[in-house]
Amino acid sequence: MVRSAMKLFLVLVFLGYMVLWVMMPTKLYFENWLPEIRTKTKSTYFGQQGATMLIYTFPILFIATMGCIYLHLGKKHADHNVDRTVPTSRLATLKQPVIVKGPLGIVSWMELSFLTMFIVLLAWSMTSYLNGMFVHIDQMAAQSGLLVWEAKLEMSGLTLGLLGNICLAFLFFPVTRGSSVLRFIGLTSEATIKYHIWLGHIAMTMFTAHGLCYLIFWAKTEQMSELLKWDKVEVSNVAGEIALLSGLAMWATSLPQIRRKMFELFYYTHHLYILFVVFFVFHVGFSYSCIMLPGFYLFLIDRCLRFLQSQQKISLVSARILPCETVELNFSKSPELSYTPTSTLFVNVPGISKLQWHPFTITSSSNMNPDKMSIAIKCEGSWSSELYQKLSSPSPLDRFDVSIEGPYGPASTHFLRHDTLVMLSGGSGITPFISIIRELLFEASNSGDRIPQILLICAFKKSIDLTMLDLLLPVSGTTVDISCLQLQIEAYVTREKEPATDNHKPLQTVWFKPNALNAPVSAILGPNSWLWLGVIISSSFVIFLLLIGILSRYYIYPIDHNSDMIYASSARAALNMLFICIAIAMTATASSLWNKKQNDKGMRQIQNMDTPPMTSPAWFNNADRELESLPHQSLLQATKVQYGERPDLKKILFERKGTSVGVIVSGPRKMRQEVAAICSSGLADNLHFESISFTW
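Position numbers for residues count from 1 along each chain, tracking the sequence in the order it is written. It should be noted that, the model being predicted, local features are given only for residues of pLDDT at least 70 and side-chain atom pairs only at 80 or more, the latter also being counted only at that level, while totals for whole chains, interfaces and linings use all residues. Side-chain metrics in this entry use all non-hydrogen atoms of the structure; hydrogen atoms and water are not considered.

Novice: Give a detailed account of the overall build of the protein chain, specifying residues and quantitative values.
Specialist: Of regular secondary structure, the protein chain possesses 23 helices and 16 strands. Its C-alpha atoms give the protein chain a radius of gyration of 28 Å, near enough to 26 Å, the size a compact globule of 696 residues would have. Projected onto its principal axes, the C-alpha coordinates of the protein chain cover approximately 90 × 60 × 50 Å. Across the protein chain, every contact between residues at least 6 apart in sequence was considered, and the portion connecting residues at least 24 apart equals 79%. Computed with a 1.4 Å probe, the accessible areas rest on the Shrake-Rupley method; for each residue, only the protein chains presented here act as cover. Looking at the protein chain as shown, the accessible area adds up to about 32500 Å², and 62% of this sits on carbon and sulfur atoms. Counting from the N terminus, the helices are the DSSP runs of H or I reaching at least four residues and the strands are the DSSP runs of E reaching at least two. Each radius of gyration reported is based on C-alpha atoms, and the globular scaling rule is 2.2 Å times the count of residues to the power 0.38. Contact between two residues is taken to exist if any of their heavy atoms lie within 4.5 Å; hydrogens are not considered.

And the structure:
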């Protein structure tokens, strides 16, 4: 009851916030609402920026903080993080794909609806701004000594900049991995990364057009000296140019043709976002930049917490090396850390690169393996190939240092909603299904709930890749009875017409010597992470307000007297940004250190349990004994392998019976598009589509 009331209240607050965006370009807002709010909130402590912080920043930070409390309360009532609620037919229809091909990727009806509303908001804002600016454009042009078309060009450039700011206000929400706002509305950063891409393209289109309009305007009116303008209290053109150039560099390297072929270039260039945001604030002033502050503020908190988590080296217990150039890394994990299937973990191996972080799907189940976490990595690039070579070398290392960020994933899973679960994968796309099968295996073994029938369709290029199916079973030592699961596996080897006769190395396991300095994987903010995140958001903002209030009252106000015409706006912006960083760093560091201190004792106990039963620092174990176990025999009986053909996806899906068939696809883009087209064709109303993508 309490959570329902909180949810309703926060939804109303958000709707009010969106009404503000609708009213922002209107005459009523600029001539009545905003002046009245500024009059009532203007003080010697915050000046005019107090009103903009109250209007634009406070509502979202309030939603984020209350969302943390809502999620914390919900965590207490979670049942193995499994959602058994059957969606209504209308909701199920909204989640069905409507666009399966094109630059937007696979888009559902719900996503298309929100995208349309956002485009309408941009169109409405542009129309309202231009109408307001063009009312007296003839008089303004005459007073400025400009031609009417020149004045219109200048106002059009200003409008395009304002539209870009709307996109910028929402740009950072999808890339805040531990966001309470996304989790509150049932989304994850992994699922919403495409929204970040959409917003980025629209924002940079607007900002580029904004810059071109002013460049043409200055050239036609012989004011090219404006390019070097950095006014003390007005708009800084130089700062805007630096921000635009930084944005263009990120935009160019994020194009699919460049990003997929030169990922490292894209990755490193994207760190120019720091330069972009800093000079954007210098360009428009801190007061106006409060429009985009909430999303970036939450992103900074998340980025700080990720940095703190990444400083701790993680205990790597073992590595399973498959002959198909795939390795499964098994980490020690705090039993208090819980995650859902399909969650992702960002991994850094300093021995390969201290700067590169790569996301991988977690293959373990936190319920089946409370003290272990595993990920599978297939050689598909220089980084993963070097990792495989290091681990499979004849003389392996005694220890292997790894840093992590995460895990990140959905709040709950919905696999038990369906009568049948069809999982379709291509190549390494099978990895998220490993965690799903392990979780359902746990549910089947430990609860009396009905478990859906499972059909796993996996396509591989070569027969040696079939060894990835061995990862469906956890490392030896875990007792499982796979026969209690209604599991059917159909594997397709597309480039070979018969089993390969070449002898290949058996699956091997490498164990690593424990290191007292390493720690198990654990939540950076402990078991009550949502509550602590709410404390960080609220307390850091209060500290920021105190710092900037004291500075304004006793240093800036005696100079400027709230006129905003004497004290340099760039200096004010720099101090505001500095205080934000100080407040976030203080609260995030203090919270993480407190939780680390509380968890140290339990971590040491887990490390002692991780000590292998052998004296050698690292060794190989032949996995033949493991493969001959009873669970593996059950797995072989459930598997049917077909050579030289591809799965007939349409036939497979249309043959599924039952009122609700969950269809999850993970693999190449063409496979995802084909499955999406089948599910959205309307020929079968019992298919519920979901896509897991590793490429953007």
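That covers the picture; the talk isn't over yet.
Novice: Please give an account of the pattern of salt bridges that cites residues and values.
Specialist: Salt bridges, as used here, are contacts in which a Lys or Arg side-chain nitrogen is within 4 Å of a carboxyl oxygen on Asp or Glu. Following the criterion strictly, the structure yields twelve salt bridges and no others. With a closest N to O distance of 3.0 Å, Lys194 and Glu111 form a salt bridge. Of this pair, Lys194 sits in helix 9 (residues 189-220) while Glu111 sits in helix 5 (residues 109-134), and the two are 83 residues apart along the sequence. The class of Glu111 is buried, set by a relative accessible area of 16%. Buried residues are those whose accessible area, probed at 1.4 Å on protein chains only, stays under 20% of the maximum for their type, while exposed residues exceed 50% and partly exposed ones sit between those limits.

Novice: Could you give an account of the sheet that holds strand 6 (residues 358-361), with specific residues and numbers?
Specialist: Paired strands, as defined in this entry, are two strands with at least two bridges between them according to DSSP. Strand order in the open sheet formed by three strands is 6-5-8, and the pairing between neighbours is antiparallel. One side of each edge strand has no neighbouring strand; the edge strands of this open sheet are strand 6 and strand 8 (403-408). On average, each strand axis in the sheet is inclined to that of its neighbour by 25°, with strand direction left out of account. Simply put, an axis is a line fit to the C-alpha atoms, just over the touching stretch for a helix, and the angle between two N-to-C directions goes from 0 to 180 degrees.

Novice: Lay out the sheet that holds strand 15 (residues 661-666) with the relevant residues and their values.
Specialist: Two orientations exist for strands paired in a sheet by backbone hydrogen bonds: parallel and antiparallel. Strand order across the open sheet formed by six strands is 14-11-10-9-15-16, with parallel pairing between neighbours. Both edges of this open sheet fall to strand 14 (639-643) and strand 16 (687-692), since each of them pairs with a single strand only. Averaged over all neighbouring strand pairs, the angle between strand axes comes to 15°, with direction disregarded. Sheet topology note: the strand 11 (residues 487-493)/strand 14 ladder contains five bridges and is parallel. Bridge pairing links Glu490 to Lys640 in strand 14.

Novice: Report on the packing of helix 5 against helix 9, specifying residues and quantitative values.
Specialist: For any two helices packed against each other, the geometry comes down to the angle between their axes and how far apart the axes lie. In the contact formed by helix 5 and helix 9, the axes pass within 13 Å of each other and the chain directions differ by 20°. As judged from the angle between their axes, helix 5 and helix 9 are roughly parallel. Viewed along their axes, helix 5 and helix 9 form a crossing whose handedness is right-handed. Across from Glu111, Leu115, Phe118, Ile119 and Leu122 in helix 5, the residues of helix 9 making contact are Lys194, Tyr195, Trp198, Leu199 and Ile202. The residue classification treats Ala, Val, Leu, Ile, Met, Phe, Trp, Tyr, Cys and Pro as nonpolar and Asp, Glu, Lys and Arg as charged. All others, Gly included, are polar. In terms of residue class, the contact of helix 5 with helix 9 is built from eight nonpolar, no polar and two charged. Every angle not falling under 35 degrees, over 145, or within 65 to 115 is termed oblique; those three ranges are roughly parallel, roughly antiparallel and roughly perpendicular. A clockwise turn of the near helix away from the far one marks a right-handed crossing, whereas an anticlockwise turn of less than a right angle marks a left-handed crossing.

Novice: I'd love a proper account of the nonpolar core, names of residues and values included.
Specialist: Trp21, Phe172, Phe286 and Phe544 are the most contacted members of the largest nonpolar core, which totals 94 residues. At twelve residues, the largest contribution of residues to this core is made by helix 7 (residues 148-171). When near neighbours in sequence (up to four residues on either side) are disregarded, Phe172 contacts Tyr273, Val277, Met292, Gly295, Phe296 and Phe299. To qualify as a nonpolar core, a set must consist of buried Ala, Val, Leu, Ile, Met, Phe, Trp, Tyr and Cys residues joined through side-chain atoms within 4.5 Å.

Novice: Tell me about the packing of aromatic side chains, and name the residues and values.
Specialist: Any pair of Phe, Tyr and Trp rings, taking the six-membered ring for Trp, is counted once the centres come within 6.5 Å. Such a pair is stacked with planes under 30 degrees apart, edge-to-face with planes over 60 apart, and tilted for the rest. One pass over the full model with this rule turns up 30 aromatic pairs. Judged by centre distance (5.7 Å) and plane angle (75°), the rings of Phe279 and Phe282 are edge-to-face. Of this pair, Phe279 and Phe282 both sit in helix 13 (residues 273-284), separated by three residues, roughly a single helical turn. Each member of the pair, Phe279 together with Phe282, is buried. Aromatic side chains Phe360 and Trp383 sit 5.9 Å apart centroid to centroid with 25° between the ring planes, which places their arrangement in the stacked category. With Phe360 in strand 6 and Trp383 in helix 16 (residues 382-392), this residue pair connects regions lying 23 residues apart in the sequence.

Novice: So what about the environment of Ile489? Which residues, and what values?
Specialist: Assignment of secondary structure puts Ile489 in strand 11. With 66 residues separating them along the chain, Ile489 and Met423 place their C-alpha atoms 9.6 Å apart.

Novice: Report on helix 23 (residues 669-679), specifying residues and quantitative values.
Specialist: Of all the residues in helix 23, the buried ones are Met671, Arg672, Gln673, Val675, Ala676, Ile678 and Cys679. In this structure, the buried side of helix 23 is in contact with strand 1 (97-99), strand 9 (420-426), strand 10 (453-460), helix 22 (649-654), strand 15 and strand 16.

Novice: Now, about the pairing of strand 8: what can you tell me, with residues and values included?
Specialist: Along strand 8, six of the six residues are buried, which leaves the element largely enclosed by surrounding structure. In the sheet, strand 5 (residues 344-348) pairs with strand 8 via four bridges, with the strands oriented antiparallel. Each residue of the ladder has a partner; that of Thr344, found in strand 8, is Tyr408.

Novice: Give me the lowdown on the side chain of Thr269, citing residues and values where you can.
Specialist: For Thr269, the location among the structural elements is in helix 12 (residues 263-269). With a relative accessible area of 13%, Thr269 lands in the buried category. A distance of 2.6 Å separates the side chain of Thr269 from the backbone oxygen of Leu265, its partner in a polar contact. In contact with Thr269, not counting residues within four places along its chain, are Ala249, Met250 and Thr253. Throughout this description, a polar contact denotes any pair of N or O atoms lying within 3.5 Å of each other; where both atoms belong to protein, one of them has to be capable of donating a hydrogen while the other can accept it, and for residues adjacent in sequence the pair is counted only when both atoms sit in side chains.

Novice: Please set out unusual backbone geometry residue by residue, giving values where relevant.
Specialist: Residue Pro407 is bonded to the preceding Gly406 through a cis peptide linkage, with omega at 5°. Note on placement: Pro407 falls in strand 8. The residue Glu222 is not glycine, and still its phi comes out positive at about 55°. For Thr342, which is not glycine, the phi dihedral falls at a positive 75°. Relative to the assigned elements, Thr342 resides in the loop between strand 4 (326-332) and strand 5.

Novice: Explain the state of the cysteines residue by residue, including any values.
Specialist: The disulfide criterion used throughout: a pair of cysteine sulfur atoms within 2.5 Å. The tally for this structure, following the rule as stated, stands at zero disulfides. You can see Cys213 has no disulfide; the closest cysteine sulfur is in Cys167, sitting 16 Å from it. Its sulfur unpaired, Cys290 is 14 Å from the next cysteine sulfur, which belongs to Cys581. For Cys290, a relative accessible area of 0% puts it in the buried group.

Novice: So what's going on with the packing of helix 10 (residues 237-253) against helix 13? Residues and values would help.
Specialist: Where helix 10 contacts helix 13, the two axes come as close as 8 Å, and the packing angle between them is 155°. It follows from the interaxial angle that helix 10 and helix 13 lie roughly antiparallel. Judged by the sense of rotation from one axis to the other, the crossing of helix 10 with helix 13 is left-handed. For the pair helix 10 and helix 13, contact is made by Asn237, Ala239, Gly240, Ile242, Ala243, Ser246, Gly247 and Met250 and by Tyr273, Leu275, Phe276, Phe279, Phe280, Phe282 and His283, respectively. The class makeup of the residues in the contact of helix 10 with helix 13 is ten nonpolar, five polar and no charged.

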